[in-house]
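Chains, contacts and geometry: an overview
Okay, here's what each chain looks like letter by letter:
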Amino acid sequence: MDPVIDFKGYSIKEISYKRIDDQSEIDVLKQSITDDDGLEKDFDRKIRIGTTEDLKSALLELEVSVYDLANRRTITCELSGQFNISDELTIEQINEVISISGVGILYPYLRSIISILTTLDSPNAIVIPTINPNYYNEE
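Residues numbered from 1 in each chain as written. Predicted model: local features only at pLDDT ≥ 70, side-chain atom pairs only at ≥ 80, totals over all residues. Heavy atoms only, no water.

**As for unusual backbone geometry**
In plain terms, the rule: Helix and strand definitions here come from DSSP, where helices need a minimum of 4 consecutive H or I residues and strands a minimum of 2 consecutive E residues; each element is numbered from the N-terminal end.
Backbone geometry at L55 places phi at a positive 60°, although glycine is not the residue there. In this fold, L55 is placed in the loop between strand 2 (43-51) and strand 3 (57-68). Although it is not a glycine, R72 adopts a positive phi angle of roughly 55°.

As structure tokens, then:
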């Protein structure tokens, strides 16, 4: 039996690493990442899924932004993963499978890239938490 999705690979769409030296810039960032309850977010995440018209291929884009204000830096990384899709899936099934299994496949690459890049500038690596892909989209 063929797999429902077949991971073909990923590419890095964008990486942005920024060291923040200006305190006023940190203050502005703190305001933008503070929620209505007064809690600062450590990171943001975005997910986008697209398919070809024939539903034979899918593209998953994951983006994570991490705010490490204690070390005065931020990093954003966006990856794009390509998948082949088995013939028997509907668009709804594809979206569900990609949002769970696809995220589970692609997220460790994104997590590693962030850790590796942040150790190049500091002994304090940013290690984003592992996730349960079943709940990645719920927040």
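**What about the pattern of salt bridges?**
Worth spelling out the cut-off: Only one rule defines a salt bridge in this text: a Lys or Arg side-chain nitrogen within 4 Å of an Asp or Glu carboxyl oxygen. Remark: exposure states derive from per-residue accessible area (1.4 Å probe, protein chains only) relative to the maximum for the residue type, with buried under 20%, exposed over 50%, and partly exposed in between.
Enumeration over the complete set of coordinates arrives at 11 salt bridges. Here K8 makes a salt bridge to D6, at a shortest N to O gap of 3.2 Å. Take K8: its relative accessible area is 51%, and that puts it in the exposed class. The closest approach of N and O atoms between R73 and D68, which form a salt bridge, is 2.6 Å.

**With respect to helix 2 (residues 91-119)**
Definition in use: In this scheme, a helix's expected span is set at 1.5 Å multiplied by one less than its residue total. The angle between axes fitted to the seven residues ending at a residue and the seven residues starting there is what we call the bend at that residue. Any two residues having at least one pair of non-hydrogen atoms within 4.5 Å are treated as being in contact.
For helix 2, spanning 29 residues, the distance from its first C-alpha to its last is 40 Å, which sits close to the expected 42 Å at 1.5 Å a residue. At V103, helix 2 is bent by approximately 40°, the largest bend along its length. Among all positions in helix 2, only I94, I98, S99, G102, V103, L106, Y107, L110, I113, I114, S115 and T118 are buried. Residues of helix 2 that are buried make contact with strand 1 (5-19), strand 2, strand 3 and strand 4 (73-85).

**Some details on a nonpolar patch on the surface**
For clarity, the threshold we go by: Any residue with relative accessible area above 30% and no salt bridge may belong to a patch, with like charges joined within 9 Å and the nonpolar Val, Leu, Ile, Met, Phe, Trp and Tyr side chains within 5 Å. Only the protein chains shown count as cover for residues, and the accessible areas themselves come from Shrake-Rupley with a 1.4 Å probe.
Side chains of Y10, I12, I15, I105 and Y109 sit close together on the surface and give an oily, nonpolar patch of about 390 Å² of accessible area. Secondary-structure elements contributing two or more residues to the nonpolar patch are strand 1 and helix 2. By residue number, the principal contributor to the nonpolar patch is strand 1, which donates three residues. The exposure class assigned to Y10 is partly exposed, which follows from its relative accessible area of 33%.

**Points about the pairing of strand 3**
For clarity, the cut-off: What makes two strands pair is DSSP finding at least two bridges between them.
With 10 of 12 residues buried, strand 3 lies mostly within the body of the structure. Looking at chain direction, strand 2 and strand 3 are connected through nine bridges and run antiparallel. The residue bridging R45 from the neighbouring strand is V64, located in strand 3. As consecutive antiparallel partners, strand 2 and strand 3 are separated by five residues, and within that stretch L55 has a phi angle of approximately 60°, a positive value.

**What to know about the sheet that holds strand 1**
Just so we agree on the cut-off: In this description, a line fitted to the C-alpha atoms serves as the axis of each element, helices being fitted only across the stretch in contact, and the angle between N-to-C directions of two axes falls anywhere from 0 to 180 degrees.
Ordered in space as 1-4-3-2, the four strands form an open sheet in which the pairing is antiparallel. Two strands in the sheet have a free side with no partner beyond their single neighbour: strand 1 and strand 2. On average, each strand axis in the sheet is inclined to that of its neighbour by 10°, with strand direction left out of account. Helix-sheet contacts for helix 2 involve strand 1, strand 2, strand 3 and strand 4, and the interaxial angle to strand 4 is about 140°.

**Some thoughts on the nonpolar core**
What counts here: We call a set of buried Ala, Val, Leu, Ile, Met, Phe, Trp, Tyr and Cys residues a nonpolar core when their side-chain atoms join them within 4.5 Å.
Counting residues in hydrophobic clusters, the biggest one holds 22 residues, and the most contacted among them are I85, I98, L110, I114 and I128. Sorting the residues of this core by element identifies strand 3, strand 4 and helix 2 as the ones contributing at least two each. Ranked by the residues each element gives to this core, the list is headed by helix 2, at eight residues. Non-local contacts of I98, meaning those with residues more than four positions away in its chain, are made with I5, I49, A58, L60, F83, I85 and V103. Core analysis: the second largest hydrophobic core is formed by six residues, I20, I26, I33 and Y67 among them.

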